[in-house]
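Spelled out from the first residue to the last, the chains are:
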Amino acid sequence: TPTPVYMPETPGLVRLQYEVAERQPARVGQVIIVGNERTKQNVILRQVPLYSGQVLTYPDLRVAERNLAKLNIFETNGDVRPTVTVLDPESDSEFKDLLVQVQETTTGSLLFGVGVNSDAGLNGSIVLNERNFDIARLPTSLDDLISGGAFRGAGQEFRIEAVPGNQLQRYSISFREPFLFDSPWSFGVSGYYFTRNYLEYTEERLGARFTLGRRLNQYWSLNGSVRVENVGVFQVPYGAPSAYTSVEGYNFLTGVKVGVTRDSRDSFLRATE
């Protein structure tokens, strides 16, 4: 309660005195989610660093909004973006319910392209990408498959890419679960086939990559991957240097990579800070 205290010895000067009465900090009640027609609730809740019974900290509401926008599966254009608000914040109740409002956006894309260049010749490109994939959401009917309800809603990433060409060909398929069993761990697997015609030889690669990651905090993550490849070198001309002839045929290759990543972007696709 603000109380003005006038100072007669100093005309025109007033001291504003605030009287405060402390009370128990508010706690989170229910977390209510609206607007998610396909996306599972756990995909949204794991981006909200507040749970029922926890002390309500208002800065975490803004963190939750940024995390939801960063998923790129909800609308973030103009005034339409994920919001997290407190219902009836002035009530005397210790528990405050939270309202999470989202509006789903298009998460799948099918891209076609064709190109020609002096290095790789003529090639085409077909890319199918889904940012809100659900490997366990099987279609219940043909209409369910056509309408886009099947294989969507778990926040997983799925991508198929085909690049046919006369000198270079590349085909790949990848899947990633960013929160394995709703934990800070992530898992990804991909398989690929690659072939390239060089002047000196022809190279083929058939391989797979397995990635396991661990989110340390909001910005830092640790990841490791194992790559397994079968590399083929063929059509080596007669008289080629030993660097070519010694690896002619199929060669088995394995590789291990460990990395640490810091990512503070507010959006993976359209970062503004």
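This report concerns the structure included in the present document.

Cut-offs and rules
- Residues numbered from 1 in each chain as written.
- Predicted model: local features only at pLDDT ≥ 70, side-chain atom pairs only at ≥ 80, totals over all residues.
- Heavy atoms only, no water.
- Pairing = 2+ DSSP bridges.
- Helix = DSSP H or I, 4+ residues; strand = E, 2+ residues; numbered from the N terminus.
- Axes fitted to C-alpha atoms, helices over the stretch in contact; angles between N-to-C directions.
- Contact = heavy atoms within 4.5 Å.
- Polar contact = N/O pair within 3.5 Å; in protein donor to acceptor, adjacent residues only side chain to side chain.
- 1 Å grid on protein atoms, 1.4 Å probe; cavity = no way out; pocket = protein on both sides within 12 Å on 5 of 7 lines; lining within 4 Å.
- Points joined across faces, edges and corners; volume = space filled by probe spheres on them.
- Nonpolar A, V, L, I, M, F, W, Y, C, P; charged D, E, K, R; others polar.
- Buried < 20%, exposed > 50% of the residue type's maximum accessible area, 1.4 Å probe, protein only.
- Phe/Tyr/Trp six-rings, centres within 6.5 Å; stacked < 30°, edge-to-face > 60°.

### Some thoughts on the sheet that holds strand S5 (residues 95-101)
Here 3 strands make up an open sheet; going across it, the order is S3-S5-S4 and the pairing mixed. Each edge of the sheet is formed by a strand with only one pairing partner; in this case those strands are strand S3 (27-34) and strand S4 (83-86). Ignoring strand direction, the axes of neighbouring strands in this sheet form an average angle of 25°. Bridge count between S4 and S5: 4 bridges; the pairing is antiparallel. Across the sheet, the residue bridging to Thr-83 is Gln-101, located in S5. On top of the sheet, helix H2 (residues 58-70) reaches S4 and S5; it is set at about 155° to S4, its chief contact.

### Regarding the environment of Glu-75
Summarising the element assignment, Glu-75 is placed in the loop between H2 and S4. On a C-alpha basis, the gap between Glu-75 and Val-102 in space is 7.5 Å, while along the polypeptide they are 27 residues apart. Apart from residues no more than four positions distant in its own chain, Glu-75 is found in contact with Val-80, Arg-81, Pro-82, Gln-103, Glu-104 and Thr-105. For Glu-75, the side chain forms a polar contact with the side chain of Thr-105, separated by 3.2 Å.

### Description of the layout of surface pockets
Reported here for the largest pocket is a volume of approximately 1,500 Å³. If you go around the largest pocket, you meet 50 residues; those closest to its centre are Glu-157, Arg-176, Pro-178, Asp-263 and Phe-268. Those elements that provide at least two residues to the lining of the largest pocket are H2, strand S7 (121-133), strand S8 (156-163), strand S9 (168-177), strand S10 (185-197), strand S11 (202-215), strand S12 (220-234) and strand S13 (249-262). Considering every element that reaches the lining of the largest pocket, the biggest residue donor is S10, with 8 residues. Grouping the constituent residues of the lining of the largest pocket by class yields 17 nonpolar, 19 polar and 14 charged. Estimates place the volume of the second largest pocket at around 240 Å³. When grouped by side-chain class, the residues that make up the lining of the second largest pocket number 2 nonpolar, 5 polar and 6 charged.

### Regarding the environment of Met-7
For Met-7, the position within the fold is in the loop between strand S1 (2-6) and strand S2 (14-18). By relative accessible area, which is 22% here, Met-7 ends up partly exposed. Dropping the residues within four chain positions of it, Met-7 is found in contact with Leu-13 and Arg-15.

### Digging into the packing of aromatic side chains
Considering all chains together, one arrives at 6 aromatic pairs under this definition. An angle of 20° between the planes, with centres 4.7 Å apart, marks the rings of Phe-133 and Phe-158 as stacked. A residue pair is termed long-range when its members are at least 10 positions apart, and Phe-133 in strand S7 and Phe-158 in strand S8 qualify at 25 residues. What makes Phe-133 buried here is its relative accessible area of 10%. Taking 6.3 Å as the distance between ring centres and 75° as the angle between the ring planes, the aromatic pair formed by Phe-133 and Phe-175 counts as edge-to-face. With Phe-133 in strand S7 and Phe-175 in strand S9, this pair connects stretches of sequence that are 42 residues apart. The same class applies to Phe-133 and to Phe-175, which are both buried. What links up through ring pairs into an aromatic cluster is the set Phe-133, Phe-151, Phe-158 and Phe-175.

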